[in-house]
Structure formats: C-alpha cells, structure tokens
Amino acid sequence: MLKNYEIRKYQIPEDEIRALVKEKREILVRQQQQLKEHKLPVYVLTEGWGAAGKGTLIGNLIKDLDPRFFHVIHMGPPNENETRKPFLWRYMETIPEAGKFVFLNSGWLDETAEDWMCDRIGEEELEKRLRQIGTFERQLKDNGYLVVKLFLHIPKQEQKQRLLKLKEKKDTEWRVADKDILQIKKREKYEKIYDRILEATNTGYVPWNVIDAVDKKQALLQTLHLLTNQISQAIENKRILPEILHKDYPLLKMPELSEVPLNQQMTKAEYEVRLKELQKRLKKLHNKIYRKRIPIVIAYEGWDAAGKGGNIKRLTSALDPRGFEVHPIASPEPHEKARHYLWRFYHRLPKDGHIAIFDRTWYGRVMVERIEGFCSENDWKRAYNEINEFEKELTDWGAIVIKFWVHIDQDTQLARFTERQNTPEKQWKITDEDWRNRKKWDAYEAAVDEMIAKTSTENAPWFIIQSNNKYYARLQAIQIVIDEIEKRIL
C-alpha cells in the first residue's frame with residue numbers, strides 16, 4: 001500500500017482549508033451527540049511514521065469534542081504485566097463503551113512491526129498475529145463498533161527533517177525515540193513490514209486509510225472528512241445484520257446430555273482418600289505451571305444446583321492462593337454491557353503461570369441470553385464462531401483451556417432445590433429465578449447440546465462432569481485438570 005502511494009501536492013487555498021475544517025468540526029460535534037443516541041462506539045486507530053504528526057492530529061480531532069465522551073490512549077511498548085497476557089489483551093482493554101470515542105495513538109500495527117524489526121517474533125508468530133488482528137477487527141465491527149484505521153504517511157526526507165528539528169530543542173528532543181532514528185536508517189525494511197501488515201489487515205469491513213501527512217492542515221481536513229463520512233455511514237447501516245460465519249474448526253464428537261450416564265456411586269470414605277491423593281498431585285503441578293509460565297483458564301457451566309461451587313472449592317484447595325483467582329460471573333454491569341460481550345472475560349484473563357477459574361462464562365451468550373431474549377438471534381448464532389476464535393487465541397497464546405459442563409438430571413435438581421428451600425442456612429442459594437429456569441429445562445438442554453456440539457474443539461474441548469454424585473464429580477474434575485496439565489508438560 002505504501003510503496004504505491006503517491007504523496008500529492010494540494011493546491012487548496014489556506015482560507016478555504018480553514019473554512020472546510022471548521023465545517024467538518026461542526027459536523028463531528030453534532031455526530032458526537034448522535035453516537036450517544038445510537039449507542040455507537042467509535043475506535044480510531046492512528047498509526048504512521050515517527051514524526052508524522054499522530055499526536056498533533058488527534059489533538060486537532062478532539063479539539064471541540066465533549067471530553068466526557070472520548071478517551072485518548074497512547075500505546076507505548078507493553079509493560080511487564082501486558083507481556084504476560086495475550087497479544088491483543090491490552091487493546092481489548094481499551095475499546096470504548098457504546099456512544100463514546102477512543103483515539104489510540106499507535107497500536108497493534110506499530111507493536112507488531114517493532115517486534116518483527118527487533119527479532120522478537122518470527123514468521124510463524126507474525127502470521128498468527130495477522131490472523132488475530134483480522135479476527136479482532138471483524139468481531140468489533142460485527143458487534144456494533146466503528147473501527148477507523150489511519151496510517152500517516154510522509155516521505156523519508158520529510159521524516160528526517162522533522163526529527164532533526166525536534167532534536168535541536170531541549171523541550172522537544174525527548175519526543176524522538178530510538179525507534180524513530182531506526183526508521184530512518186532502515187526505512188526500506190520498515191516500509192516492507194508496514195506494507196505487509198497493512199495489506200494483510202486491509203479488509204472491506206475495516207479498511208486502512210493512508211493519510212498524506214506532509215501538510216498537517218491538509219491531513220487534518222482529509223481525516224475529518226473521512227471520519228465524519230464513516231460515522232454517518234455507520235449510523236445509516238446500524239440495522240444491517242452481520243454475516244454469521246461458520247469456520248472449519250476441528251470439532252470433537254460429543255454426546256447429547258440425555259446420553260450421559262449419571263448413575264455413578266462413591267462413598268464418602270472412598271472420596272476422602274482419593275481426594276487427598278489428587279489434591280497432592282495437583283499442588284505439585286501448580287508449581288510446575290508457574291515455573292513454565294503456562295496460563296490455565298478453567299470454565300465452569302452447568303445446571304443450577306449441579307455443584308459447581310463445591311467442585312471449585314475442592315479444586316482450589318489444592319492450589320497456592322497466590323496463583324489463582326475465581327471469577328463468579330453474574331449479570332453484566334452497565335459498563336460491561338456497554339462493550340463487546342467478551343470484554344469482561346478478556347479483562348479477567350490470568351497472567352502466564354496463573355490460573356483463572358470462571359464460575360459461569362462467555363457461554364451465557366448462547367444459553368441464558370439466547371433463551372431469555374437478551375440478545376438477538378443473529379448475535380447468539382454468530383457467537384459460536386466468535387467463541388471458538390476467542391478460545392483459539394487463548395490456546396495460541398499458550399493457555400490450557402478446560403471447559404466443564406456440570407451435569408445432573410431433573411430429579412436430582414428438584415431434590416437439591418427442595419433441600420435448599422427447607423434448610424435455613426442454604427436458603428440464600430435458591431432464588432425465584434432458579435425455579436423459573438427449571439421450567440425451561442427442555443429449552444436449555446437443547447441450547448446446551450448445540451453449544452457443546454459447536455464449540456468442543458480439539459484445542460478447547462468440553463468435559464461433561466457427571467454430578468448426580470457430588471463426590472464422583474469433584475474427583476472427576478480434578479482428575480481432568482491434572483490430565484490436561486500433565487499432557488502439556490510432558
């Protein structure tokens with residue numbers, strides 16, 4: 001894209017540019033109110049050559065906007081905590097709430113190019129990142145985001161002159177980073193990797209826009225024109241439903257819930273002996289995964305009263321409390337509901353070497369949200385592929401992903417509900433919603449069968465925990481966690 005881009009000399013009179021910029025600014029201010037009304041989040045990524053004027057451009061774009069409804073973020077090199085998370089984690093963290101702007105000063109293009117130029121990633125990792133970026137951008141667009149990507153382009157000689165000018169003054173020399181100097185020395189290599197990333201991630205749904213940044217006023221006008229047009233188009237197209245994709249993930253053949261036997265028996269004495277053995281093994285493995293920096297994500301779903309809490313408690317009893325966190329997932333908070341539905345799960349991902357346990361998960365999208373009508377049919381049908389992509393990103397990062405469906409039959413659930421209702425110290429565990437959900441057992445069972453069939457992949461399989469006997473279920477879950485860790489370590 002860059003090698004064929006021609007820097008043009010514009011001949012628009014300066015007073016005409018000022019008038020056009022003023023007109024576009026006024027449109028953008030009006031659109032900021034429309035974004036709130038239409039709940040449209042706008043994510044503006046500004047990339048480009050060092051000294052091309054990214055910061056100046058963003059400053060001019062936000063000049064007349066209401067500061068309560070935008071956020072400017074400078075993305076420098078990842079810090080120690082960020083390097084211990086998936087590559088796109090810190091970008092998912094920055095996405096705006098519905099009705100707001102986020103302006104990103106540098107982002108995934110710059111980070112990827114720098115990692116390539118400094119030999120921190122090789123060909124395989126580069127290709128993986130390009131796929132992840134494409135998925136990330138498409139998912140944002142499909143979930144209602146407007147993503148505007150800008151690349152500010154200036155010739156080598158222009159860049160050199162600007163950097164020299166900045167270095168001449170003590171007040172501005174700090175703005176010249178080592179990588180800016182390196183860009184001058186290795187301009188052709190940088191141009192080659194920029195071109196490769198731009199072309200690989202230039203899609204019809206989230207295209208790149210190369211901005212001629214030689215003249216800063218012209219660049220501002222060009223960007224304002226582009227941004228206001230894309231916002232208008234996004235508001236106009238808000239009702240167009242995204243395509244439902246079905247990518248060819250390697251799926252495992254899974255039984256339907258009705259086919260899973262639930263007649264396992266185990267005495268308390270047998271359970272206690274075996275539990276101590278398994279917890280001892282798991283404790284040793286926890287030390288190993290910390291030393292090897294292997295992250296683990298354990299997802300618990302299941303019927304109400306199936307025993308998820310007791311299961312999690314026996315699992316975590318074997319773990320170093322410094323190395324795990326349990327996330328009980330309830331209905332989304334307003335700031336979570338205003339973002340991509342996967343945001344709150346990205347937000348809770350563990351560092352490498354740590355364990356995150358989710359009590360309820362992202363699968364709510366294809367269960368409770370589907371059954372209760374909290375999202376559209378297009379949303380939940382699209383989510384199967386989005387979830388497979390999310391979990392593939394986790395395993396590409398190096399995580400072990402373990403997904404449990406804790407299964408009981410209707411009679412067992414009724415007995416446990418009744419016990420909770422009649423036991424004062426357990427009554428907090430039973431709610432009217434539990435009884436309402438029970439009446440929809442058949443609808444939920446059909447949804448769970450479809451969920452397991454469409455998302456039990458080779459890299460992130462489902463395990464159905466037979467939980468009519470809680471002792472058996474607890475040992476079964478711990479054994480699976482041990483097996484999956486040992487499989488990775490060995």
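Remember, predicted model here, so these are calculated numbers, not experimental data. Just so you know, the residues in each chain are numbered from 1, in the order the chain's sequence is written. It should be noted that, the model being predicted, local features are given only for residues of pLDDT at least 70 and side-chain atom pairs only at 80 or more, the latter also being counted only at that level, while totals for whole chains, interfaces and linings use all residues. Values shown for side chains rest on all heavy atoms present in the structure; no hydrogens or waters enter the calculation.

## What about the pattern of salt bridges?
No. 1: Here, a salt bridge means any side-chain nitrogen of Lys or Arg that lies within 4 Å of a carboxyl oxygen of Asp or Glu. By the definition in use, this model includes 41 salt bridges.
No. 2: Residue Arg129 is joined to Glu125 by a salt bridge in which the shortest nitrogen-to-oxygen separation is 3.7 Å. Taken together, the residues Arg129 and Glu125, both in helix α6 (residues 123–142) and 4 residues apart, mark about one turn of the helix.
No. 3: Linked by salt bridges that have partners in common, Asp115, Arg120, Glu125, Lys128 and Arg129 make up one network. Helix numbering and strand numbering both begin at the N terminus, where a helix is a DSSP run of H or I of at least 4 residues and a strand a DSSP run of E of at least 2.

## Re the packing of helix α12 (residues 308–316) against helix α20 (residues 470–489)
No. 1: Structural elements are reduced to axes, namely lines fitted to C-alpha atoms, with helices fitted over the stretch in contact, and the angle between N-to-C directions of any two is expressed from 0 to 180 degrees. At their nearest, the axes of α12 and α20 sit 9 Å apart, and the two run at 50° to each other. The angle between the axes of α12 and α20 places the two elements in the oblique class. In the crossing of α12 with α20, the sense of the turn from one axis to the other is right-handed. Counting all contacts with α12, which are made through Gly310, Asn311, Arg314 and Leu315, the residues of α20 involved are Ala473, Arg474, Ala477, Ile478 and Val481.
No. 2: Looking at the contact of α12 with α20 residue by residue, the class counts come to 5 nonpolar, 2 polar and 2 charged. Throughout, the term roughly parallel applies to angles under 35 degrees, roughly antiparallel to angles over 145, roughly perpendicular to angles from 65 to 115, and oblique to all others. By the definition used in this description, the sense in which the near helix is turned from the far one sets the handedness, with an anticlockwise turn below a right angle giving left-handed and a clockwise turn giving right-handed. Throughout, a residue-residue contact means that at least one pair of heavy atoms, one from each residue, lies within 4.5 Å. Each residue gets one of three labels, nonpolar for Ala, Val, Leu, Ile, Met, Phe, Trp, Tyr, Cys and Pro, charged for Asp, Glu, Lys and Arg, and polar for the others, Gly among them.

## Re helix α17 (residues 410–422)
No. 1: Working rule for helices: expected span equals 1.5 Å times residues minus one. Helix length check: α17, at 13 residues, gives a terminal C-alpha distance of 18 Å against a target of 18 Å (1.5 Å per residue), a fit within 8%.
No. 2: The elements touched by buried residues of α17 are α18 (432–439), α19 (441–455) and α20.
No. 3: Identification of polar contacts relies on pairs of N or O atoms within 3.5 Å, with a donor-acceptor requirement for protein atoms, meaning one able to donate a hydrogen and the other able to accept it, and with residues adjacent in sequence counted only if both atoms are side-chain atoms. Of the residues that open α17, the one with a side-chain oxygen 3.3 Å from the backbone nitrogen of Asp411 is Asp409.

## Thoughts on empty space enclosed by the protein
No. 1: A pocket, in this scheme, is an open set of points on a 1 Å grid over the protein atoms alone with protein on both sides within 12 Å along at least 5 of 7 lines, while a cavity is a set where a 1.4 Å probe fits but cannot get out; residues line either one if an atom lies within 4 Å of a point. Grid points are joined across faces, edges and corners, and a volume is the space filled by probe spheres set on the points. According to the stated counting rule, one finds 3 cavities of 30 Å³ or more in the structure shown.
No. 2: Taken together, Leu88, Met92, Gln132, Thr135, Phe136, Gln139, Leu140, His340, Tyr346, Glu389, Phe390 and Glu393 make up the lining of the largest cavity.
No. 3: Here the residues of the lining of the largest cavity sort into 6 nonpolar, 4 polar and 2 charged.
No. 4: Every residue lining the second largest cavity is listed: Ala52, Gly53, Thr56, Leu57, Asn60, Leu152, Lys216, Ala219 and Leu220.
No. 5: Of all the elements in the fold, those that place two or more residues in the lining of the second largest cavity are α2 (54–61) and α10 (216–236).
No. 6: Residue composition of the lining of the second largest cavity, by class: 5 nonpolar, 3 polar and 1 charged.

## What to know about unusual backbone geometry
No. 1: Positioned with a positive phi, Lys39 is a non-glycine residue whose angle comes to about 55°.
No. 2: Looking at where Lys39 falls in the secondary structure, it is placed in the loop between α1 (14–38) and β1 (42–48).
No. 3: By relative accessible area, Lys39 is classed as exposed at 59%.
No. 4: The phi dihedral of Ala51 falls on the positive side, at around 70°, and the residue is not glycine.
No. 5: Mapped onto the secondary structure, Ala51 falls in the loop between β1 and α2. For every residue, the accessible area obtained with a 1.4 Å probe (protein chains only) is divided by the maximum for its type, and the residue is called buried under 20%, exposed over 50%, and partly exposed between those limits.

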